[in-house]
Structures are given as structure tokens and as C-alpha cells.
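Notes for the structure review
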Amino acid sequence: MSGLVLENVGVRLGRKAVVEAVSLVVPAGTFLAIVGPNGVGKTSLLKAIAGLTRSDGVIRLGGTDLARLPAEARARRLAYLPQRAEVAWALPVRDAVALGRLPHGDPFGRPTAADAQAVARALDRLDLGAFADRPVTALSGGERARVMLARVLATETQVILADEPTAALDPAQQLGVLELLRAVGVAGGIVVAVLHDLTLAARFADRIVVMDAGRIVADGPPATVLTDRLLADVFRLRCAITEIDGRRVPVPVGRIPG
Ligand SMILES: Nc1ncnc2c1ncn2[C@@H]1O[C@H](COP(=O)(O)OP(=O)(O)OP(=O)(O)O)[C@@H](O)[C@H]1O
């Protein structure tokens with residue numbers, strides 16, 4: 001199958017099992033949001049899929065066991081956007097985005113026409129054209145976050161793994177980035193994004209996986225997964241339900257002690 005398949009994936013950090021027995025089938029054309037309280041293993045799971053942390057179990061993409069792929073081949077298939085991604089030196093924005101093309105690199109490091117096109121497309125999709133020649137270090141936190149996402153898009157992988165891609169963004173930019181990630185799914189890609197904003201997750205994702213204590217406790221379309229009961233039990237939240245674009249969307253209104 002052309003999708004992403006996880007079978008019994010587990011991650012141990014030190015002595016602690018932070019991800020346990022996670023199995024998932026994510027077909028091509030899916031925007032999947034992983035949600036859950038702090039510290040339940042969301043980042044660890046994403047890093048396991050990206051091959052950045054040692055894990056048990058099997059992870060396949062398009063039938064290929066990712067553990068058997070060399071790092072560059074894997075990087076051409078999956079792009080990972082870490083939490084608080086940064087470029088620490090004063091690279092111009094265009095060059096920072098072009099770093100996303102490294103996995104496609106010609107051995108002599110010469111950018112190809114395809115590289116230039118991919119970079120231009122990514123700059124355009126994140127509305128960064130006006131910043132292209134500015135050093136990344138001279139941008140605001142939210143602007144830099146968009147550059148990091150543009151770098152991931154420029155790689156043009158089938159899979160995008162994004163850890164809190166909207167955390168640093170103003171509300172309008174958050175909507176822009178989520179529309180973009182949804183578009184990646186609609187175009188046949190796979191997006192797996194860790195999101196803390198349940199309202200946005202319910203509004204944009206095709207499917208929501210809820211994690212608690214290292215395990216998946218719910219998985220399905222947002223309206224079926226984010227029930228009052230689950231929001232109370234897992235998130236200790238009371239939510240109002242509103243409807244946006246025909247979707248049932250929770251809005252947190254209070255904490256449930258305990
Ligand atoms: N290097 C480490 N060694 C041991 N335990 C760790 C290490 N890094 C993280 N942990 C623990 O692993 C668990 C899972 O962490 P992880 O970052 O995957 O959670 P998360 O769900 O992404 O959290 P958040 O929502 O706060 O980003 C947490 O309990 C954390 O304290």
C-alpha cells in the first residue's frame with residue numbers, strides 16, 4: 001500500500017517506555033493530527049517515524065521498511081519539522097529554504113532547475129517572497145517558523161511530519177499554514193502534525209489520533225473522536241461545540257479539576 005504503516009511502534013527513553021504498541025495505517029491523501037496532553041509521547045512518536053530516535057516495531061512507507069533505507073533515501077520521502085526549528089546563522093531566507101533540497105543534491109552541490117523551482121514555489125506558498133534576501137536571523141519568531149516550514153515543503157517529500165507547526169504563528173498565519181497542510185493532503189501527500197489547538201485540529205485534520213501515556217486512546221474523524229467524554233477524561237477540559245465550515249469543532253471553555 002502507498003501509505004504510511006506503523007506496526008507496534010515503541011520508544012524507550014532511558015528506562016521509560018514513552019511510546020508503546022502504536023499501530024496506525026495512514027493512507028496517501030491524509031492530514032492526520034496527533035493530539036494529547038504534554039509529555040504523553042507525541043514528539044517521540046513523530047521522531048520515531050522520522051527515524052530520529054530508536055524505536056521498536058516496524059514503520060513502512062509504500063511497502064518499504066524505512067529502517068532499511070539509507071538516510072538520504074529516507075529524507076527524500078519524509079521531511080521533519082521539529083518543534084522550535086531554527087537556523088542559527090545569518091543565511092538569507094532563500095538559501096535557508098534551499099537547505100530543504102539537500103536530500104536531492106547533485107554530488108557537486110550545484111542547484112538544479114528543479115531545486116530553484118521547488119524553492120520558489122515554497123517561498124510563494126508561505127508568502128515569503130518579500131523576505132527572500134533577508135537574513136533569517138533578522139526575522140521575527142513567526143516569520144522564521146514560516147521559513148522552516150518552507151524548507152520542509154521545498155523538499156517535496158510524500159510525507160511531512162510537523163511538530164507544532166503553528167505554535168509561533170499569529171492567528172491568520174495559523175489558518176494559512178493549516179490550509180496549506182490540508183492542501184498537501186488533498187494533493188495526495190501524507191501530513192502527520194502534532195497540534196495542541198484542538199479547535200484547529202478538529203477544523204482542518206481529516207483524522208485525529210489522541211495519545212495518552214504513550215498509547216493511542218482514540219483514532220478517527222474529528223467529530224467522532226473529540227467527544228465531551230474524551231475531552232474531559234484525557235484533556236481535563238470542558239468545551240463548547242461550535243460549527244465551522246460544516247464541521248463540529250470544540251472550543252475549550254473551562255478546566256476540570258483532578
Ligand atoms: N531524553 C529523555 N530522557 C528521558 N525521558 C525523556 C527524554 N525526553 C523526553 N522524555 C520524557 O518522555 C515523555 C514523552 O516526551 P515527548 O516530548 O514525546 O512528549 P510530548 O507529548 O511531545 O509532549 P509536549 O506536548 O510537552 O511537547 C515525557 O514524559 C518526557 O518527560
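Residues numbered from 1 in each chain as written. Predicted model: local features only at pLDDT ≥ 70, side-chain atom pairs only at ≥ 80, totals over all residues. Heavy atoms only, no water.

1. Re the overall build of the protein chain
Helix and strand counts for the protein chain come out as nine helices and twelve strands. Its C-alpha radius of gyration of 18 Å places the protein chain within 12% of the 18 Å reference for a compact globule of 258 residues. Judged by the C-alpha coordinates and their principal axes, the protein chain covers about 55 × 40 × 35 Å. Looking at the protein chain as a whole, 48% of its 258 residues are labelled buried. Restricting the contact set of the protein chain to residue pairs at least 6 apart, pairs at least 24 apart contribute 66%. Within the structure as shown, the protein chain displays about 12300 Å² of accessible surface, and the carbon and sulfur contribution to it stands at 51%. (Helix = DSSP H or I, 4+ residues; strand = E, 2+ residues; numbered from the N terminus. Rg over C-alpha atoms; globule rule 2.2 N^0.38 Å. Buried < 20%, exposed > 50% of the residue type's maximum accessible area, 1.4 Å probe, protein only. Contact = heavy atoms within 4.5 Å. Areas by Shrake-Rupley, 256 points an atom, 1.4 Å probe, with all protein chains shown as cover.)

2. Looking at the pairing of strand β10 (residues 215-220)
Here strand β9 (residues 207-212) pairs with β10 via five bridges, running antiparallel. The partner of M211 across the bridge, within β10, is I216. Counting the residues that bridge the hairpin from β9 to β10 gives two residues, and of these A213 lies at a positive phi of roughly 45°. (Pairing = 2+ DSSP bridges.)

3. Focus on the site of the ligand
Near the ligand lie 14 residues; those nearest to it are K16, G39, K42, T43 and S44. Note that an oxygen atom of the ligand is positioned 2.8 Å from one of the side-chain N or O atoms of K42. With the chains in place, 61% of the 650 Å² that the ligand exposes on its own is no longer accessible. Elements represented by at least two residues in the shell around the ligand include exactly β2 (16-26) and α1 (42-50). The biggest single contributor to the shell around the ligand is α1, with three residues. When its residues are assigned to classes, the shell around the ligand shows four nonpolar, seven polar and three charged. (Near = heavy atom within 4 Å. Polar contact = N/O pair within 3.5 Å; in protein donor to acceptor, adjacent residues only side chain to side chain. Nonpolar A, V, L, I, M, F, W, Y, C, P; charged D, E, K, R; others polar.)

4. Focus: α1
The buried count for α1 comes to seven of nine residues, which makes it a mostly enclosed element. Within α1, the full set of buried residues consists of K42, S44, L45, L46, A48, I49 and A50. G51 occupies a position one or two residues after α1 and carries a positive phi of about 80°.

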